[in-house]
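As a plain string of letters, each chain reads:
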Amino acid sequence: MAETESRSGPALVQSVGRSLDLLEAVASEELGLVALGERTGLRPSTAYRLLTTLMERGYVVRSASTGRFRLGHKLVELAATASRGSERVLSAAQPHLQQLRDATGETANLAVLDGLAIVYAGQAESSRAVRLFTTIGRRVPLHACAAGKAILAFSPPSLLDQVLEKGLIRLTGHTLATRRELVDDLEATRRRGFAIDREEYEEGVVCVAAPILGPGGEAIGAASVSGPAPRVLERDLDATGDLVRTHTRQISQELGALVEPAR
């Protein structure tokens, strides 16, 4: 099986990359073999060989009438499984988000891990006139927000390695954009049990987050409290962090986690 090695990344399996190119191409529209080859830059013989495997596994279907390829049922099954997993986390977290909102007066959020980013999956919005509102579905790099840093701090080192390898994009003047800054912050997060975002993702916004663990003890998401910087900083950040951590511990237990993250 062919592999390629980049200077900045690990070895990539060429056939897997090509198969994903084909899946992404047929996700946009039904395409014939020639069109798929043109879209992906693959020879028709190579594309057909990969498509045959994808069809056998249910990821791609070929129309009997047109001969064109489209996505198969297997991807729908995988998407449904992922959706059910997120729904289970949201179901467990939502009452706690509301309690965090009521206790702090600020917006409480649920974020789940998605690759090298977090995705906002739930929210209990503050009723204050000036408040934070985060769009559900928004993706944020792990290094640039409290929820992401809470997950990073309690994940295997390989996840941090991937984040550093990709590069630390500076989103504001406060974003942790060097390896040393991020590593030091994650060490402090592990000691406290919660992460703090001091205007690192968005100017004027401060956020406190703690990790949510899955059944295997892995960090799968985080709950956070976010609001305007002056108002959040008026509160005792340690007390806010401990409150969030208390709720994420309870959420983790409801999800079947038997251990707390190492500190």
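Calculation criteria
Residues numbered from 1 in each chain as written. Predicted model: local features only at pLDDT ≥ 70, side-chain atom pairs only at ≥ 80, totals over all residues. Heavy atoms only, no water. Buried < 20%, exposed > 50% of the residue type's maximum accessible area, 1.4 Å probe, protein only. Helix = DSSP H or I, 4+ residues; strand = E, 2+ residues; numbered from the N terminus. Disulfide = S-S within 2.5 Å. Contact = heavy atoms within 4.5 Å. Pairing = 2+ DSSP bridges. Expected span 1.5 Å × (residues − 1). Arc of directions from axis to C-beta. Salt bridge = Lys/Arg side-chain N within 4 Å of Asp/Glu carboxyl O. pLDDT = per-residue confidence, 0-100. Axes fitted to C-alpha atoms, helices over the stretch in contact; angles between N-to-C directions. Left-handed = near helix turned anticlockwise from the far one by under 90°. Nonpolar A, V, L, I, M, F, W, Y, C, P; charged D, E, K, R; others polar.

1. Comments concerning helix 5 (residues 146-153)
Inference 1: With eight of eight residues buried, helix 5 is to be regarded as a mostly interior element.
Inference 2: What helix 5 keeps buried is the set A146, A147, G148, K149, A150, I151, L152 and A153.

2. Some thoughts on the state of the cysteines
Inference 1: Counted by the stated rule, this structure contains zero disulfides.
Inference 2: C145 forms no disulfide, and the closest cysteine sulfur to it belongs to C207, at a distance of 7.2 Å.

3. Side note on the environment of L23
Inference 1: When you line up the elements, L23 lands in helix 1 (residues 14-28).
Inference 2: Under the relative-accessibility criterion, L23 is labelled buried at 13%.
Inference 3: A sequence separation of 47 residues divides L23 from R70, and the C-alpha atoms of the two residues are 8.4 Å apart.
Inference 4: The contact partners of L23, leaving out residues within four places of it in the chain, are L54, Y59, V60, L71 and L75.

4. Brief notes about the pairing of strand 10 (residues 219-228)
Inference 1: By the criterion of burial, strand 10 is predominantly enclosed, with nine of the ten residues buried.
Inference 2: Direction of pairing for strand 5 (residues 107-114) relative to strand 10: antiparallel, over a ladder of six bridges. Bridge pairing in strand 10 links L110 to A223.
Inference 3: One ladder, built from nine bridges, connects strand 9 (residues 205-213) with strand 10; its direction is antiparallel. Residue pairing in the sheet places A210 in a bridge with A223 of strand 10.
Inference 4: Between strand 9 and strand 10, which pair antiparallel one after the other, the connecting turn spans five residues, and G217 there sits at a positive phi close to 85°.

5. A short note on helix 1
Inference 1: The end-to-end C-alpha separation of helix 1 is 22 Å, in line with the 21 Å expected for 15 residues at 1.5 Å each.
Inference 2: Among all positions in helix 1, only S19, L22, L23, A25 and V26 are buried. For helix 1, the angular spread of buried residues about the axis comes to 165°, placing them on one side. Those residues of helix 1 that are exposed and aimed more than 90 degrees away from the buried face are E24 and S28.

6. Structural notes on the pattern of salt bridges
Inference 1: Counted by the stated rule, this structure contains seven salt bridges.
Inference 2: Where K149 meets E200, a salt bridge forms, and the shortest distance between an N and an O atom there is 2.8 Å. With a gap of 51 residues between them, K149 in helix 5 and E200 in the loop between strand 8 (195-198) and strand 9 connect regions that are remote in the sequence.
Inference 3: The salt bridge involving R180 is made with D184; its shortest N-O contact spans 2.8 Å. With R180 and D184 both in helix 7 (residues 179-192) and four residues apart, this pair spans about one turn of that helix.
Inference 4: Given the relative accessible area of 36%, D184 is considered partly exposed.
Inference 5: A cluster of three or more residues bridged by salt bridges with shared partners is formed by K149, D185 and E200.

7. Observations concerning unusual backbone geometry
Inference 1: Even without a glycine there, the phi angle at E199 is positive, about 60°.
Inference 2: Along the polypeptide, E199 turns up in the loop between strand 8 and strand 9.

8. Side note on the confidence of the model for the chain
Inference 1: Across the chain, the average pLDDT comes to 86, with 87% of residues at or above 70.
Inference 2: Low pLDDT (under 50) marks residues 1-11, which in the prediction has 19 contacts with non-local residues, meaning those over four places away or in another chain.

9. Comments concerning the packing of helix 1 against helix 2 (residues 33-40)
Inference 1: Taken N-terminus to C-terminus, the directions of helix 1 and helix 2 make an angle of 115°; their axes are 10 Å apart at the nearest point. Between helix 1 and helix 2 the crossing geometry is right-handed. Between helix 1 and helix 2, the contacting residues are D21, L22, A25, V26 and S28 on the first element and L36, R39 and T40 on the second.
Inference 2: Classifying every residue of the contact of helix 1 with helix 2 by side-chain character gives four nonpolar, two polar and two charged.

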